[in-house]
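A structural walkthrough
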Amino acid sequence: MPEGHTIHRLARDHSALLRHSTVTMASPQGRFVEGAARLSGRTLDGIEPYGKHLFYAFGDLFLHVHLGLYGKWTAGLGPPPDVRGQVRLRMTTDSAWVDLRGATACEVYDRKDKAAVLARLGPDPLRPRADAEKAWDRLHRSRSAIGQLLMDQSVVAGIGNVYRAEVLFRSGLSPFTPGNAVPRATWEGMWVDTRVLMRAGVKANRIVTTVPEDRDRPTGRATRADSHYVYRRAGLPCRRCGTEVRTQVLAARNLFWCPTCQPA
DNA sequence: ATAATATGGTGAT
DNA sequence: TCACCCTATTATC
């Protein structure tokens, strides 16, 4: 589930579990033995989420984690469970533990390394002082499709395939609209909507983009089946207009959209 | 038991 | 544009 909301939620949860504690690190799987040894025994000062990246600050060094497509954290209070499967990194304190599996990136960074990553990221809608203007600068000069641009982490950091599809649907915008054809007001609306959705995603720890009246059962909370408008709903009727939801690969991922609600 | 699939990104071509 | 990374879960036989 790693889009930006997951990353920010993890930062919050891990912060509650590990911050200001002495952290012991190990790599049962064996692929992060050296890095774990470098950081083990240090005190965690804080965790900074940015887009889909996590930076755990240990003095002048950082643990940089990018979950990629498969990465997952598990965590808990008390002593850690027996290691099962491929645990790339286990961090333990006196009172808590976290395990990392399958991450694309798990490495030790210094300030320079961290700055280099941040330098190539666009504004993150989940960060309070995110500068939407920077994203607009890129977007309104580009002939690339908005569905492509939203997946580009140097344009906006933290949006993934689900939010791409859902935000475009909610804005009534065709994914194939060139960036330079998107009206400024539309972009501003989309940005605000993205922030709202992603903040709700952090809180709920999952992505819900439908409003109650568009759900199968308009009362109560969204179920797994009705939490999205178009994502993974190819061939099913659009929740708003009944048109079959379409799919096509764009930016190397399956895109979903309603051709009626999001006309070209 | 085996295969297909996934919310991501990089680097080669 | 494509292969590849890497793991867990879900679907299919």
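On a predicted model such as this, the values are computed, not experimentally measured, just so you know.

Comments concerning the sheet that holds strand β6 (residues 89–92)
Read across the sheet, four strands follow the order β1-β6-β7-β5 without closing on themselves; strand pairing throughout is antiparallel. Two strands lie at the open edges of the sheet, namely β1 (24–26) and β5 (72–77), each paired on one side alone. Direction aside, neighbouring strands of the sheet carry axes that sit 15° apart on average. Bridge count for β5 against strand β7 (residues 96–101) is six bridges, and the pairing is antiparallel. Within β7, the residue paired with Gly-76 across the bridge is Trp-97. With respect to the sheet, helix α1 (residues 4–18) is in contact with β5, β6 and β7, its orientation differing from that of β5 by roughly 30°.

What about the pairing of strand β4 (residues 61–66)?
Side-chain positions along a regular strand alternate between the two faces of the sheet. Across the six residues of β4, six count as buried, placing the element largely inside the fold. Bridge analysis of strand β3 (residues 53–58) against β4 gives six bridges, and the strand direction is antiparallel. The partner of His-53 across the bridge, within β4, is His-66. Taken together, β3 and the strand that follows it, β4, pair antiparallel across an intervening segment of two residues, in which Gly-59 is found at a positive phi of about 65°. In terms of strand pairing, β4 meets strand β8 (residues 105–109) through five bridges, oriented antiparallel. Across the sheet, residue Val-65 finds its bridge partner in β8, namely Cys-106.

Description of the protein's contact with DNA strand C
Residues in contact with DNA strand C, as listed here, are Gln-29, Arg-31, Tyr-70, Gln-86, Arg-101 and Gly-102. Here, DNA strand C places atoms within 4 Å of the protein, and 59% of those atoms are sugar or phosphate. Within the side chain of Tyr-70, an N or O atom sits 3.2 Å from a base nitrogen of DNA strand C. Arg-101 is positioned with one of its side-chain polar atoms (N or O) 3.4 Å from a phosphate oxygen of DNA strand C. Here the surface near DNA strand C is composed, by residue class, of one nonpolar, three polar and two charged.

Let's talk about the side chain of His-14
Structurally, His-14 is set in helix α1. A residue is classified by how much of its surface remains accessible, and His-14, at 2% relative accessible area, is buried. Of the polar contacts made by the side chain of His-14, one reaches the side chain of Tyr-56; its length is 2.7 Å. Residues within four places of His-14 in sequence aside, it is in contact with Arg-19, Ile-47, Tyr-56, Trp-73, Ala-75 and Val-98.

Cut-offs and rules
- Residues numbered from 1 in each chain as written.
- Chains lettered and ligands numbered in written order.
- Predicted model: local features only at pLDDT ≥ 70, side-chain atom pairs only at ≥ 80, totals over all residues.
- Heavy atoms only, no water.
- Pairing = 2+ DSSP bridges.
- Helix = DSSP H or I, 4+ residues; strand = E, 2+ residues; numbered from the N terminus.
- Axes fitted to C-alpha atoms, helices over the stretch in contact; angles between N-to-C directions.
- Contact = heavy atoms within 4.5 Å.
- Buried < 20%, exposed > 50% of the residue type's maximum accessible area, 1.4 Å probe, protein only.
- Near = heavy atom within 4 Å.
- Polar contact = N/O pair within 3.5 Å; in protein donor to acceptor, adjacent residues only side chain to side chain.
- Nonpolar A, V, L, I, M, F, W, Y, C, P; charged D, E, K, R; others polar.

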